[in-house]
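What the coordinates show
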Amino acid sequence: MHADLRICGILCVMFLWPFSSSAVDHGASAVRGFIRNVGQVTDEYKHSRRDIDFQLQGSGVSVFISNGRLQYQWYKPDNEHQRTSTCVIVVKLLGSNPQATLITEQEQHYYENYYLPYCYNKTAHSYARVIYKNVYPNIDWVLYTNHESEGVTADCKSQTMNE
């Protein structure tokens, strides 16, 4: 179990960096919480990504969150050549429970409405806290926003430590 917690600790540091106060634009792109995927998240062919539960956006980076997995997508517009450069990194919790229970907490005032052909008349609510319960035996993966620093924190908590 201690090895699982160490792995989660490393993952948490990787998760936090793109949303640290130095990496986040404190204007319109400030952290708004974990935005629920209601069908608005698609691949490059506009096929719905139902495997993704939430999206989190920062300045020049998006993170797509699913059970035991984070997908980072950095992007940089190149206006001169009318294209965007991207870099994608996928981080998986090896050996994690694919049936971990998803719990949302602290629904935020911010939400997004979608009127897209593939996602029509849908509302995506945002949450300050997302928990994947039993991602490993007796270990919960807790992701939450920190509005004081406008950043994001991730913890792996042993259920025996929480009791």
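Quick note: structure is the one above.
Residues numbered from 1 in each chain as written. Predicted model: local features only at pLDDT ≥ 70, side-chain atom pairs only at ≥ 80, totals over all residues. Heavy atoms only, no water.

**Some words on the overall build of the chain**
To keep it simple, the criterion reads: Runs of H or I in DSSP of at least four residues are treated as helices and runs of E of at least two as strands, each being numbered from the N terminus. When a residue's accessible area, from a 1.4 Å probe over protein chains only, is under 20% of the maximum for its type it is buried; when over 50% it is exposed; and in between it is partly exposed. Residues are treated as being in contact if the distance between any of their heavy atoms lies within 4.5 Å. Each accessible area is a Shrake-Rupley estimate made with a 1.4 Å probe; only the visible protein chains count as cover when residues are assessed.
Counting secondary structure elements, the chain contains 2 helices and 9 strands. For the chain, the succession of helices and strands along the chain, N to C, is α-β-β-β-β-β-β-β-β-β-α. Considering the chain as a whole, with its 163 residues, one finds that 39% of them fall into the buried category. Within the chain, contacts between residues separated by at least 24 positions form 47% of all contacts whose residues are at least 6 apart in sequence. When the accessible surface of the chain is summed, it comes to about 9,500 Å², and 50% of that surface belongs to carbon and sulfur atoms.

**A few points about the packing of aromatic side chains**
Cut-off, in case you're wondering: Whether two aromatic rings pair depends on their centres lying within 6.5 Å, for rings of Phe, Tyr and Trp, where Trp uses its six-membered ring; planes under 30 degrees apart make the pair stacked, over 60 edge-to-face, and the rest tilted.
All chains considered together, the criterion is met by 4 aromatic pairs. Ring centres of Y115 and Y120 lie 5.8 Å apart, and the angle between their planes is 75 degrees; this geometry places the pair in the edge-to-face category. Just as Y115 is exposed, Y120 falls in that class too.

**Some details on the side chain of Q55**
Considering the arrangement of structural elements, one finds Q55 in strand 2 (residues 54-58). Q55 sits in the buried class, given a relative accessible area of 13%. Not counting residues within four places of it along the chain, the set of residues in contact with Q55 comprises G33, F34, I35, V41, S62, V63 and F64.

**Considering the layout of surface pockets**
Rolling a probe over the atoms, with the probe sized like a water molecule, indicates the empty space that remains. Test applied: In this analysis the probe radius is 1.4 Å and the grid spacing 1 Å, with only protein atoms considered; a cavity is a set of points the probe fits into but cannot get out of, a pocket is an open set with protein on both sides within 12 Å along at least five of seven lines, and lining residues have an atom within 4 Å of a point. Grid points are joined across faces, edges and corners, and a volume is the space filled by probe spheres set on the points. Each residue is assigned to one of three groups, with Ala, Val, Leu, Ile, Met, Phe, Trp, Tyr, Cys and Pro labelled nonpolar, Asp, Glu, Lys and Arg labelled charged, and all others, Gly among them, labelled polar.
Empty space within the largest pocket amounts to approximately 400 Å³. Contributing to the lining of the largest pocket are 17 residues, with V41, T42, D43, F64 and Q73 lying nearest its centre. Elements with a contribution of two residues or more to the lining of the largest pocket: strand 2, strand 3 (61-66), strand 4 (69-78) and strand 6 (101-116). Tallied by class, residues from the lining of the largest pocket come to 6 nonpolar, 7 polar and 4 charged.

**Considering the nonpolar core**
Selection rule: Nine residue types can take part in a nonpolar core, namely buried Ala, Val, Leu, Ile, Met, Phe, Trp, Tyr and Cys, and a core is a set of them joined through side-chain atoms within 4.5 Å.
Judged by nonpolar contacts, the single largest core of 18 residues is most densely connected at F34, F54, I65, L70, Y132, V135 and W141. Among the elements of the structure, strand 2, strand 3, strand 4, strand 7 (119-136) and strand 8 (139-146) are those that each provide at least two residues to this core. With 5 residues, strand 7 is the largest single contributor of residues to this core. Aside from chain neighbours lying at most four places away, what touches V135 is N67, G68, L93, S96, N97, A100, D140 and W141. V38, Y114, C119 and A124 belong to the second-largest nonpolar core, a separate cluster that totals 5 residues.

**What to know about the pattern of salt bridges**
Side-chain pairs of opposite charge can arise whenever the charged atoms involved come near each other. Note the following rule: Salt bridges, as used here, are contacts in which a Lys or Arg side-chain nitrogen is within 4 Å of a carboxyl oxygen on Asp or Glu.
Applying the stated criterion across every chain yields a total of 3 salt bridges. Among the salt bridges present, the one from D51 reaches R49, with a minimum N-O distance of 2.8 Å. Given the relative accessible area of 38%, D51 is considered partly exposed. For K133, the salt bridge identified is with D140, shortest N-O distance 3.2 Å. According to the relative accessible area criterion, D140 is buried, its value standing at 5%.

**Notes on the environment of I131**
By secondary structure assignment, the location of I131 is in strand 7. Separated by 13 residues in the primary sequence, I131 and Y144 have C-alpha atoms spaced 8.5 Å apart. If we skip the residues at most four places from it in the chain, I131 touches T101, L102, I103, E105, D140, W141 and V142.

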